[in-house]
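# Notes for the structure review
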Amino acid sequence: MTLLHRYANGQVVVGDACWPGAEIAVTGDRIFAIRPLAADAADAVDLEGGWLMPGFIDTQVNGGGGVLFNDETSVDGIAAIGAAHARYGTTAFLPTLISDTPDRIALALDAVDDAIEAGVPGVVGVHIEGPFLNVARKGIHDAARFRLLDDAIVALLTRPRRGRVVVTLAPELAEMEQIATLARAGVRVSAGHSEAPYETMLAAFDAGLTGVTHLYNAMPPMVQRTPGLVGAALDDPRPWCGLIVDGVHVAPAVLRIALRARGTERMMLVTDAMSSVGATDKDFVLQGRTIRVADGICSYEDGTLAGSDLDMAQAVANAMAMLGLDPVTVARLAAANPAAFLGLNHERGALAAGQRADWVQLSTAMAPVATVIGGHAA
């Protein structure tokens, strides 16, 4: 059966264009057709001058709704996190495990497989952030859990999975052949929490590393004679770079410079969200440490940032207000680009025939109004 969803009196982002209204025909969980709305269409949802965009895709979600993936590494935990973020327009996400033990990594991989099989809305894979990181750039990660990649871990990470697998590691602490092995198996390898020199980063790109986790954060600054990881990410067109646009993790001016250097083609918004997103009680405990959340900032007692209290709708609004981006471009950073990074752009990231019926309705102020996942209200 085909259902019709009609929207009027706003802006519908379709590719690089904006339509004042649209009729979206949905069969099952897919868009069968999308066309401009007829002037006399009845029963259309009034956008009231607001926006309809492709559903947001977040590749780094540590938690939400009072749940941390490290603590609730289960189908129920993933479902709770996804439901919390769906309220803010996220229709696809990667539960993200903060540096933990090999047993916990195995549990996370299996839990996401089980969640996908169970049909949990939005979950499309898993992000294993560490523990293959550089202690000098540990951030809030527990350095006592850090370890080097070995054959057993590589075998675990490359085992066939139902969803996408992203691994954040410090390239200077890995062998290039290990990176190549992961990449050949379809794992999206990303550099983060790292002090990799520029030359090491180029070698890692050659080996198959395709991502940079939260550009600028947990990596040395670029200086004139040591461009480092940041310099490589801005100079080389190959990597996809995640940006935390909350006005805290990175100064807006620095993000604007990055976008001018690289363009927007392989930049993507991420939240690095913690359990505080969508939760009433904001403070939480991360691996035995109490994290306070105030004024949208998650931090430990020593001032170390601990992820964010950011949701994707706010990230979109911030990207417009702080970076001067137009809504069509921001929609690309929030949906099309992360879909392409994950190799899911054939079915997600756009309002188009054949794509998943995932979209978000936003007000004129870019506040979330409604989210549809697979043709159903979230």
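Note: the structure precedes this text.
A quick note: this is a predicted structure, and the numbers were derived from the prediction, not measured.

### Comments concerning the overall build of the chain
Scanning the chain from N- to C-terminus turns up 9 helices and 23 strands. For 378 residues, the compact-globule estimate of 2.2 N^0.38 gives 21 Å, and the chain sits close to it at 20 Å. Projected onto its principal axes, the C-alpha positions of the chain cover 65 × 45 × 40 Å. Burial analysis of the chain (378 residues in total) assigns 57% to the buried set. Long-range contacts, defined here as pairs at least 24 residues apart, represent 69% of the contacts in the chain between residues at least 6 apart. On the chain, roughly 14500 Å² of surface is accessible, and the fraction owed to carbon and sulfur atoms is 51%.

### Remarks on the pattern of salt bridges
For the structure shown, the criterion picks out 21 salt bridges. Close ionic contact of Arg238 with Asp236 constitutes a salt bridge, the shortest N to O distance being 2.8 Å. Judged by its relative accessible area of 33%, Arg238 is partly exposed. Through salt bridges with shared partners, one network takes in Asp29, Arg30, Glu347, Arg348, Arg356 and Asp358.

### Quick word on the layout of surface pockets
Reported here for the largest pocket is a volume of approximately 280 Å³. Around the largest pocket, the lining is made up of 18 residues, and of these Gly139, Ile140, His193, Ala218 and Leu305 lie nearest the centre. The class makeup of the residues in the lining of the largest pocket is 6 nonpolar, 9 polar and 3 charged. Counted as a void, the second largest pocket has a volume near 210 Å³. Considering the residues around the second largest pocket, the lining is formed by 15 residues, among which Ile116, Val123, Val124, Glu347 and Arg348 are closest to the centre. Classifying every residue of the lining of the second largest pocket gives 7 nonpolar, 3 polar and 5 charged.

### A look at empty space enclosed by the protein
Under the definition given, this model contains 3 cavities of 30 Å³ or more. Reported here for the largest cavity is a volume of approximately 70 Å³. Lining the largest cavity are Thr59, Gln60, His127, Val166, Ser190, Val212, Thr213, His214, Gly242, Met268, Val270 and Phe341. Residue classes in the lining of the largest cavity are distributed as 5 nonpolar, 7 polar and no charged. In this structure, the second largest cavity is lined by Pro54, Gly55, Ile57, Thr91, Ala92, Glu347, Arg348, Gly349, Ala350, Gln355, Arg356 and Asp358. Its residues assigned to classes, the lining of the second largest cavity shows 4 nonpolar, 4 polar and 4 charged.

### Things to note about the packing of helix 5 (residues 198-207) against helix 6 (residues 228-235)
The interhelical angle for the contact between helix 5 and helix 6, taken along N-to-C directions, is 50°, at an axis separation of 8 Å. Relative to helix 6, helix 5 is oriented oblique. In terms of crossing hand, the pair formed by helix 5 and helix 6 is right-handed. Contacts from Tyr198, Met201 and Phe205 in helix 5 reach Gly228, Leu229, Gly231, Ala232 and Asp235 in helix 6. Grouping the amino acids of the contact of helix 5 with helix 6 by side-chain chemistry returns 5 nonpolar, 2 polar and 1 charged.

### Some thoughts on the nonpolar core
Ranked by internal contacts, the top residues of the largest apolar core, which has 83 residues, are Leu157, Leu169, Leu215 and Leu269. Discounting chain neighbours no more than four positions away, the residues touching Leu215 are Ala233, Leu234, Cys241, Gly242, Leu243, Val250, Ala258 and Met267. If you look at the next biggest cluster of nonpolar residues, it comprises 15 residues, including Tyr7, Leu47, Leu52 and Val372.

### Things to note about the sheet that holds strand 3 (residues 17-19)
Strand pairing in a sheet is mediated by backbone hydrogen bonds. Such pairs are either parallel or antiparallel. Within the open sheet, the 6 strands sit side by side as 3-2-7-21-22-23. Their pairing is mixed. Whereas interior strands pair on both sides, the edge strands pair on one side only; in this sheet they are strand 3 and strand 23 (376-377). Pairing of strand 7 (residues 51-54) with strand 21 (residues 359-362) involves 4 bridges; the strand directions are antiparallel. Note on strand 21: the bridge partner recorded for Met53 is Val360.

### Describing helix 1 (residues 75-86)
The end-to-end C-alpha distance of helix 1, which contains 12 residues, comes to 16 Å, matching closely the 16 Å that a straight helix rising 1.5 Å per residue would cover. Inspection of helix 1 places Gly77, Ile78, Ile81, Gly82, Ala84, His85 and Ala86 among the buried residues, and these make up the whole buried set. Contacts made by the buried residues of helix 1 are with strand 8 (56-61), strand 9 (63-64), strand 10 (67-68), strand 11 (90-98), helix 2 (102-117) and strand 22 (368-373).

### Details of the pairing of strand 14 (residues 188-191)
Taking every second residue as pointing to the same face, both faces of strand 14 are buried, with Arg188 and Ser190 on one and Val189 and Ala191 on the other. Bridge count between strand 13 (residues 164-169) and strand 14: 4 bridges; the pairing is parallel. The partner of Leu169 across the bridge, within strand 14, is Ala191. The pairing of strand 14 with strand 15 (residues 211-212) spans 2 bridges and is classified as parallel. Within strand 15, the position partnered with Ser190 by the bridge is Gly211. Following the chain from strand 14 across helix 5 to the adjacent parallel strand 15, one finds a crossover that is right-handed.

Rules and cut-offs
- Residues numbered from 1 in each chain as written.
- Predicted model: local features only at pLDDT ≥ 70, side-chain atom pairs only at ≥ 80, totals over all residues.
- Heavy atoms only, no water.
- Helix = DSSP H or I, 4+ residues; strand = E, 2+ residues; numbered from the N terminus.
- Rg over C-alpha atoms; globule rule 2.2 N^0.38 Å.
- Buried < 20%, exposed > 50% of the residue type's maximum accessible area, 1.4 Å probe, protein only.
- Contact = heavy atoms within 4.5 Å.
- Areas by Shrake-Rupley, 256 points an atom, 1.4 Å probe, with all protein chains shown as cover.
- Salt bridge = Lys/Arg side-chain N within 4 Å of Asp/Glu carboxyl O.
- 1 Å grid on protein atoms, 1.4 Å probe; cavity = no way out; pocket = protein on both sides within 12 Å on 5 of 7 lines; lining within 4 Å.
- Points joined across faces, edges and corners; volume = space filled by probe spheres on them.
- Nonpolar A, V, L, I, M, F, W, Y, C, P; charged D, E, K, R; others polar.
- Axes fitted to C-alpha atoms, helices over the stretch in contact; angles between N-to-C directions.
- Parallel < 35°, antiparallel > 145°, perpendicular 65-115°, else oblique.
- Left-handed = near helix turned anticlockwise from the far one by under 90°.
- Core = buried A, V, L, I, M, F, W, Y, C linked by side-chain atoms within 4.5 Å.
- Pairing = 2+ DSSP bridges.
- Expected span 1.5 Å × (residues − 1).
- Right-handed = clockwise from strand over helix to strand, strands pointing away.

These figures capture arrangement, not role.
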